[in-house]
Amino acid sequence: MIPTAVPRHAGRRVAAGVLATAALAAGASASPAAASPVGAAQAISILNAQRAANGIPAGVTVDRRLTAACAAHDRYMARGHGLTHREVPGARGYSAGGAYAATHAVLARGSGWESGDPYDNAPLHLDQLLAPRLRAAGSADLLGFSCTTTFPGWTRADPAAPSVYTFPGPGASAPPSEIATESPFTPGSLVGIRAGSRTGPVLLVLADAPGQPPEDNPATLSQASLTGPQGPVAVKTVDGETPIPGGGTLAPYISPGGFLIPVAPLRPGTTYQAHVLITFAGQQISHSWTFTATGRDPHSTLVARGNSLAFSSASARPIRVAFIRAGGARSAPVTIAPGRRARLHLVPGSWQACGRQEAFRGFSAYHGCLTLTVTGLPKLKLGPPSVRGGQLRLVLRLSGVLAHRRATLTLIPLTRQCTGGHCALTRGRPRTRSITLNGPELSVPLPARGRGVLVTVATAAFQLRDAPWRAAQASFRWVTQ
């Protein structure tokens with residue numbers, strides 16, 4: 001998954017990011033299959049269940065117009081534009097609806113709603129989806145991308161009195177740890193927590209009040225505390241007044257409220273009491289609640305090593321990894337046991353590898369994604385030779401991806417020199433020219449008797465759609481007897 005958060009005033013802050021990257025060389029390829037998108041009704045049903053389970057107003061409805069706009073933007077991103085909160089007028093796949101969705105939705109690549117909320121570990125995105133005022137939304141998972149609108153649906157009626165909601169909600173549960181991953185930044189990165197750090201679960205605080213707009217209306221959090229059986233836990237707070245890189249504050253990215261971040265993972269199976277003082281709508285609201293950290297942390301890690309994926313975990317449960325290429329194609333999933341590797345068989349291109357490990361024997365579940373750049377290794381060979389009409393003809397064998405591509409032909413003349421019964425070939429000045437690889441043979445002038453030629457054909461590295469390909473080179477030496 002590659003989630004990117006967009007602020008309410010989208011022209012101010014738009015950026016994309018990744019979870020992790022790895023470069024791989026292509027091996028044997030697997031045949032990609034078409035993606036199976038999740039419908040808007042299912043996605044919004046999952047969201048409503050999540051809101052209701054944590055005491056946040058549910059009943060969010062599906063907006064067909066916004067769903068169509070999201071689908072249009074998914075198609076735009078899949079047409080080589082990548083994960084983006086902008087559509088360029090006149091660009092391939094551009095549409096007015098897609099451009100609107102781009103600046104009014106949360107986006108992800110490589111993961112969607114098929115296994116739950118894809119933004120569980122992306123606090124800024126989750127905040128927009130759990131905003132108390134959200135009444136309607138559009139959603140579409142297509143071609144390896146996911147789009148769910150947020151800001152346009154913040155139209156729920158004002159509450160009767162000031163209200164505070166949290167995630168996890170009172171009496172609910174949360175994983176004992178989290179690695180927040182989203183772009184352009186995470187809440188933790190705004191208060192000194194290094195990107196990629198494993199912390200406790202990021203706690204969301206959502207405020208609402210009569211007569212208050214839900215957009216760009218910051219609340220502030222203070223006196224935050226988190227206490228477990230062993231005593232106080234160190235936390236950091238982030239709210240709408242927190243400065244962001246490049247100037248401004250976090251307010252345009254979130255609904256009124258903020259985040260409490262336990263600096264270190266919590267103890268599995270332990271109940272904690274959280275407290276915070278919210279200043280909003282001209283008043284201060286003291287709010288306390290309890291939640292339970294579920295299961296032990298499996299400390300699971302999915303990494304790319306060479307041309308394989310390696311998985312490690314304290315849990316004995318295997319991980320199932322799905323592969324989605326930019327554009328929506330899929331390759332066969334793999335299952336990897338802890339401590340083992342799985343060799344990758346992906347065609348060249350940009351892939352998302354997303355794995356899920358189920359909760360098992362007291363361990364929490366794990367979900368992680370990698371961006372894999374699979375580099376193609378083109379084949380290029382010269383020979384066997386034949387002589388016809390004063391020409392040396394060499395069979396040209398090459399990968400289909402090199403057909404009709406430009407290459408450099410280098411001819412180095414060779415001269416046989418013999419002294420005292422010992423003969424050696426000396427090289428002359430090379431001659432080069434550009435050729436097109438468009439035939440089954442390569443023809444060069446046949447050297448005179450006692451002379452030879454070193455023929456070299458070389459291509460430069462190149463990019464073909466989402467796939468990088470390495471340079472290729474082949475040589476053949478011929479000496480006329």
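Remember, predicted model here, so these are calculated numbers, not experimental data.

A. Spotlight on helix α4 (residues 123-130). Burial of α4 is extensive: eight of the eight residues sit out of reach of the surface. For α4, the full list of buried residues reads Pro123, Leu124, His125, Leu126, Asp127, Gln128, Leu129 and Leu130. Looking at the buried side of α4, the elements it contacts are α1 (40-53), β3 (105-109), β6 (145-149), β7 (163-167), β9 (203-208) and β13 (257-262).

B. Broad picture of the nonpolar core. Membership of the largest hydrophobic core comes to 34 residues, with the highest contact counts inside it found for Tyr119, Leu130, Phe185, Leu204, Leu250 and Phe259. Looking at this core, the elements with two or more residues in it are α1, β3, α4, β7, β9 and β13. With four residues, α4 is the single largest residue contributor to this core. Counting residues in each nonpolar core, the second largest holds 23 residues, with Leu394, Leu402, Ile435 and Phe476 among its members.

C. Region of interest: the state of the cysteines. This structure, assessed with the given rule, holds three disulfides. Between cysteine 354 and cysteine 369 runs a disulfide, and the two sulfur atoms are separated by 2.2 Å. An S-S torsion of about 115° defines the bridge between cysteine 354 and cysteine 369 as right-handed. Placement of cysteine 354 in strand β21 (residues 349-357) and of cysteine 369 in strand β22 (residues 366-375) is noted, with a sequence separation of 15 residues between them. Note on cysteine 369: relative accessible area 8%, which makes it buried. Through a disulfide, cysteine 418 is tied to cysteine 423; the S-S separation comes to 1.8 Å. In this structure the cystine formed by cysteine 418 and cysteine 423 twists about its S-S bond by roughly 105°; its chirality is therefore right-handed. On the basis of relative accessible area, cysteine 418 is assigned to the partly exposed category, the value being 47%. The partly exposed category is assigned to cysteine 423, whose relative accessible area is 41%. Numbered by position along the chain, the disulfide-linked cysteines of the chain connect as 1-2, 3-4, 5-6.

D. Unusual backbone geometry, seen in detail. Between phenylalanine 167 and the following residue, proline 168, the backbone shows a cis peptide bond with an omega angle of 0°. Mapped onto the elements, proline 168 comes out in the loop between β7 and β8 (173-174). Here the amide bond leading from serine 183 into proline 184 is cis, since omega sits at 10°, within 30 degrees of zero. When you line up the elements, proline 184 lands in the loop between β8 and β9. Despite not being glycine, leucine 143 shows a phi value in the positive range, around 55°. In this structure, leucine 143 sits in the loop between β5 (139-142) and β6. At histidine 299, a position not held by glycine, the phi torsion is positive, near 50°. Secondary-structure assignment places histidine 299 in the loop between β15 (283-293) and β16 (301-305).

E. Layout of the pattern of salt bridges. Across all of its chains, the model carries seven salt bridges by this definition. Between aspartate 158 and arginine 133 there is a salt bridge whose closest N-O contact spans 3.1 Å. One end of the pair, aspartate 158, is in the loop between β6 and β7; the other, arginine 133, is in the loop between α4 and β4 (136-137), and 25 residues separate them in sequence. Exposure remark for aspartate 158: the relative accessible area of 40% places this residue in the partly exposed category. Between aspartate 466 and arginine 325 there is a salt bridge, with its nearest N and O atoms 2.7 Å apart. Linking aspartate 466 in the loop between β30 (462-464) and β31 (467-469) with arginine 325 in strand β18 (residues 319-325), this pair joins segments that are 141 residues apart in sequence. Overall, the relative accessible area of 17% leaves arginine 325 in the buried class.

F. Representation of the sheet that holds β5 within the structure. Spatially, β3-β6-β5 is the arrangement adopted by the three strands of the open sheet, whose pairing is antiparallel. Strand pairing shows two members of the sheet lacking a second neighbour, β3 and β5, which therefore form its edges. The sheet shows a mean angle of 10° between the axes of neighbouring strands, direction not considered.

G. Fine view of helix α2 (residues 64-81). With 18 residues, α2 extends 24 Å from end C-alpha to end C-alpha; this agrees with the ideal 26 Å at 1.5 Å per step. Listed in full, the buried residues belonging to α2 are Leu66, Thr67, Ala69, Cys70, Ala71, Ala72, His73, Asp74, Tyr76, Met77 and Ala78. Capping the start of α2 is the job of one residue whose side-chain oxygen sits 2.9 Å from the backbone nitrogen of arginine 65: aspartate 63. The positive-phi residue at the C-terminal boundary of α2 is glycine 82, with phi of around 70°.

H. Structural detail: the sheet that holds strand β17 (residues 308-312). Read across the sheet, three strands follow the order β16-β17-β20 without closing on themselves; strand pairing throughout is antiparallel. Each edge of the sheet is formed by a strand with only one pairing partner; in this case those strands are β16 and β20 (340-343). Taking each pair of neighbouring strands and ignoring which way they run, the sheet shows an average axis angle of 25°.

I. The arrangement of the packing of α1 against α4 in detail. Running from N to C, α1 and α4 cross one another at 90°; their axes reach a closest spacing of 11 Å. As judged from the angle between their axes, α1 and α4 are roughly perpendicular. For the pair α1 and α4, the contacting residues are Leu47, Gln50 and Arg51 in the first and Leu126, Leu129 and Leu130 in the second. When grouped by side-chain class, the residues that make up the contact of α1 with α4 number four nonpolar, one polar and one charged.

J. Broad picture of the side chain of glutamate 178. Mapped onto the secondary structure, glutamate 178 falls in the loop between β8 and β9. The charged side chain of glutamate 178 is buried without a salt bridge, its nearest counter-charge being arginine 198 at 9.1 Å. A polar contact is formed between the side chain of glutamate 178 and the backbone nitrogen of valine 202, at a distance of 3.0 Å. Apart from residues no more than four positions distant in its own chain, glutamate 178 is found in contact with Asp120, Asn121, Pro123, Ser197, Arg198, Thr199, Gly200, Pro201 and Val202.

About the criteria used
- Residues numbered from 1 in each chain as written.
- Predicted model: local features only at pLDDT ≥ 70, side-chain atom pairs only at ≥ 80, totals over all residues.
- Heavy atoms only, no water.
- Buried < 20%, exposed > 50% of the residue type's maximum accessible area, 1.4 Å probe, protein only.
- Helix = DSSP H or I, 4+ residues; strand = E, 2+ residues; numbered from the N terminus.
- Contact = heavy atoms within 4.5 Å.
- Core = buried A, V, L, I, M, F, W, Y, C linked by side-chain atoms within 4.5 Å.
- Disulfide = S-S within 2.5 Å.
- Salt bridge = Lys/Arg side-chain N within 4 Å of Asp/Glu carboxyl O.
- Pairing = 2+ DSSP bridges.
- Axes fitted to C-alpha atoms, helices over the stretch in contact; angles between N-to-C directions.
- Expected span 1.5 Å × (residues − 1).
- Polar contact = N/O pair within 3.5 Å; in protein donor to acceptor, adjacent residues only side chain to side chain.
- Parallel < 35°, antiparallel > 145°, perpendicular 65-115°, else oblique.
- Nonpolar A, V, L, I, M, F, W, Y, C, P; charged D, E, K, R; others polar.
- Lys, Arg positive; Asp, Glu negative; His and termini not counted.

Treat this as a map of the structure, not an account of what it does.
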